[in-house]
Amino acid sequence: MAELSNTTEMVDWGVKDGNIGSLIRQMSESISKEGYRNHTSVTMFVLLGLTSEKDLQLILFPLFLVIYLVTLISNLGLIILIRMDSHLHTPMYFFLSCLSFIDICYTTSVSPRMLSDFFKDRKMISFVSCATQYYMFASMGLSECCLLATMAYDRYVAIGNPLQYSAIMNPNVCCKMVTAVLGSGFLSCLAETVPCFNLYYCGPNIVRHFFCELPQIVSLSCSNAFFCQVMIFLVALLFGFGSMLFTLLSYIFIAVSILKISSARGSLKAFNTCASHLAVVTLFYGTCLSVYLSPSSNHSKSKDKFLSVFYINVIPMLNPLIYSLRNKEIKEALKRVMKRARFLSQ
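Since the structure is predicted, the reported quantities are computational estimates derived from the model, not experimental observations.

Peer 1: Residues and numbers for the nonpolar core, please.
Peer 2: In terms of nonpolar packing, the biggest core is built from 79 residues, with Phe45, Phe137, Tyr201 and Tyr311 touching the most fellow members. Among the elements that take part in this core, helix H6 (residues 127-160) stands out by supplying 15 residues, more than any other. Filtering out sequence-adjacent residues up to four positions away, Phe45 remains in contact with Lys123, Met124, Ile125, Phe127, Cys130, Tyr201, Asn205, Val207, Ile217 and Leu220. Of all hydrophobic cores here, the second largest spans 7 residues; its members include Ile159, Tyr251, Ile254 and Ile258.

Peer 1: Explain the state of the cysteines residue by residue, including any values.
Peer 2: Applying the stated criterion across every chain yields a total of 2 disulfides. Here Cys130 connects covalently by a disulfide to Cys212, the sulfurs 2.1 Å from one another. Sign of the S-S torsion, about -130° for the bond between Cys130 and Cys212, identifies this disulfide as left-handed. Placement of Cys130 in helix H6 and of Cys212 in the loop between strand E3 (206-207) and helix H9 (214-218) is noted, with a sequence separation of 82 residues between them. Among the residues examined, Cys212 registers a relative accessible area of 0% and is labelled buried.

Peer 1: Provide a residue-level description of the packing of aromatic side chains, including the pertinent values.
Peer 2: Across all of its chains, the model carries 16 aromatic pairs by this definition. Considering the side-chain rings of Phe284 and Tyr285, the 5.5 Å spacing of their centres and the 80° angle between planes classify their relative orientation as edge-to-face. Each member of the pair Phe284 and Tyr285 is classed as buried. Through successive ring pairs, a cluster of aromatic residues spans Tyr106, Tyr134, Phe137, Phe210 and Phe211.

Peer 1: An account of the layout of surface pockets is requested, with residue identities and associated values reported.
Peer 2: Over the atoms a probe the size of a water molecule is rolled, and this reveals where empty space is left. Quantified by volume, the second largest pocket comes out at close to 820 Å³. Lining of the second largest pocket is provided by 24 residues; of these, Met92, Lys269, Asn272, Thr273 and Glu329 occupy positions nearest its centre. Looking at the lining of the second largest pocket, the elements that each hand over two or more residues are helix H4 (91-108), H6, helix H11 (264-292) and helix H13 (328-345). In terms of residue count, the dominant contributor to the lining of the second largest pocket is H11 (8 residues). Its residues assigned to classes, the lining of the second largest pocket shows 10 nonpolar, 8 polar and 6 charged.

Peer 1: For the sheet that holds strand E2 (residues 123-126), give the residues involved together with the corresponding values.
Peer 2: With mixed pairing, 3 strands are arranged side by side in an open sheet as E2-E1-E3. Both edges of this open sheet fall to E2 and E3, since each of them pairs with a single strand only. Across 2 bridges, the pairing between strand E1 (residues 44-47) and E3 is parallel. Note that in E3 the partner of Leu47 across the bridge is Val207. Against the sheet, H6 touches E1 and E2, its axis set at about 85° to E2.

Rules and cut-offs
- Within each chain, residue numbers correspond to sequence positions counted from 1 in written order.
- Thresholds applied to this predicted model are a pLDDT of at least 70 for local features of residues and 80 or more for the giving and counting of side-chain atom pairs; totals over whole chains, interfaces and linings are not thresholded and use all residues.
- As a rule here, side-chain values come from all non-hydrogen atoms in the structure, and water together with hydrogens is ignored.
- Remark: nonpolar core denotes a set of buried residues (Ala, Val, Leu, Ile, Met, Phe, Trp, Tyr, Cys) joined through side-chain atoms within 4.5 Å.
- Exposure classes here rest on a 1.4 Å probe applied to the protein chains alone. A residue is buried below 20% of its type maximum, exposed above 50%, and partly exposed in between.
- Helix and strand assignments follow DSSP, with helices taken as H or I runs no shorter than four residues and strands as E runs no shorter than two, numbered in order from the N terminus.
- Contacts were defined at the residue level, with two residues in contact if any of their heavy atoms lie within 4.5 Å.
- When the sulfur atoms of two cysteines come within 2.5 Å, that pair is taken as a disulfide.
- Only Phe, Tyr and Trp rings take part, Trp by its six-membered ring, and two of them pair if their centres are within 6.5 Å. Stacked means planes under 30 degrees apart, edge-to-face means over 60, and tilted covers everything else.
- The way it works is a 1 Å grid over only the protein atoms, where trapped points that fit a 1.4 Å probe form a cavity and open points with protein on both sides within 12 Å along at least five of seven lines form a pocket, and then any residue with an atom within 4 Å of a point lines it.
- Grid points are joined across faces, edges and corners, and a volume is the space filled by probe spheres set on the points.
- Three classes are used, and their members are as follows: Ala, Val, Leu, Ile, Met, Phe, Trp, Tyr, Cys and Pro are nonpolar, Asp, Glu, Lys and Arg are charged, and the others, Gly among them, are polar.
- Strand pairing is defined by DSSP finding a minimum of two bridges between the two strands.
- Axes here mean lines fitted to C-alpha atoms, for a helix over just the part in contact, with angles spanning 0 to 180 degrees between N-to-C directions.

Encoded structure:
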């Protein structure tokens, strides 16, 4: 009754003074404030996960557990091997060990949580945990984009300018490159994560994914998300698409350099030095572009989850295998380390 009396007084004042525009603005502001008071701020998000079928979850859990363990063992093993064998203390293998480190952090930001969610009926994640998960996942993903571009440049210098390769890609320059790669990933992700998670979330709080994907989180916001959407677009354009374009240009120059090599054997050797990296780049960017450039629809949700699983879980497992299977130097280094271990054990 008090609210009705106040509203009546406002109407009488507006009619008497002819200030109808001011009256409407005051009433809309009052209704808006009351509407926000009736909503509670979201403190938890609900992840729908990969699937809701219990039988399928029992099959997927051991499968993804094995994938995660193989990813950890293979990438960590590659880092230790490169560290232990002095023959692998070159820029190419230094960048490869950094790629393995990023892959470990990248998949660890999502996989343990995803594995534990297989046993939960309601896959709840707190607001802070969601922000932390996305920040670690996205910063490592953007760092990997930049690192793949750096590795492509390293291959171009090795093939296009082999005589000055050691001078150009010296250890000091390589360390600065990796620092710039990680700094770019952390700072660019911070620029989009902070404003997006400072939006007002009043519900719904259901995320149709198995991890906190920022575009889906922002779509749940009750406030204007235009600035956040612009930041997401700019970060993806500058660091995601920019790194891909730089990698593509590097391979164009690599192809031109290979065509200038007179001997067929020399051309084949030059191509083999970057074949593994080219395969990794194709897998990574191919799946990422398939997810983020495909039109959103009910049918594509399941496809997006499958592709997300591929670039979050499968590709970090495949990367050390791709670099090791066709690499004679890594195979020989592994033989030397095993021989040394047998000698010490005797």
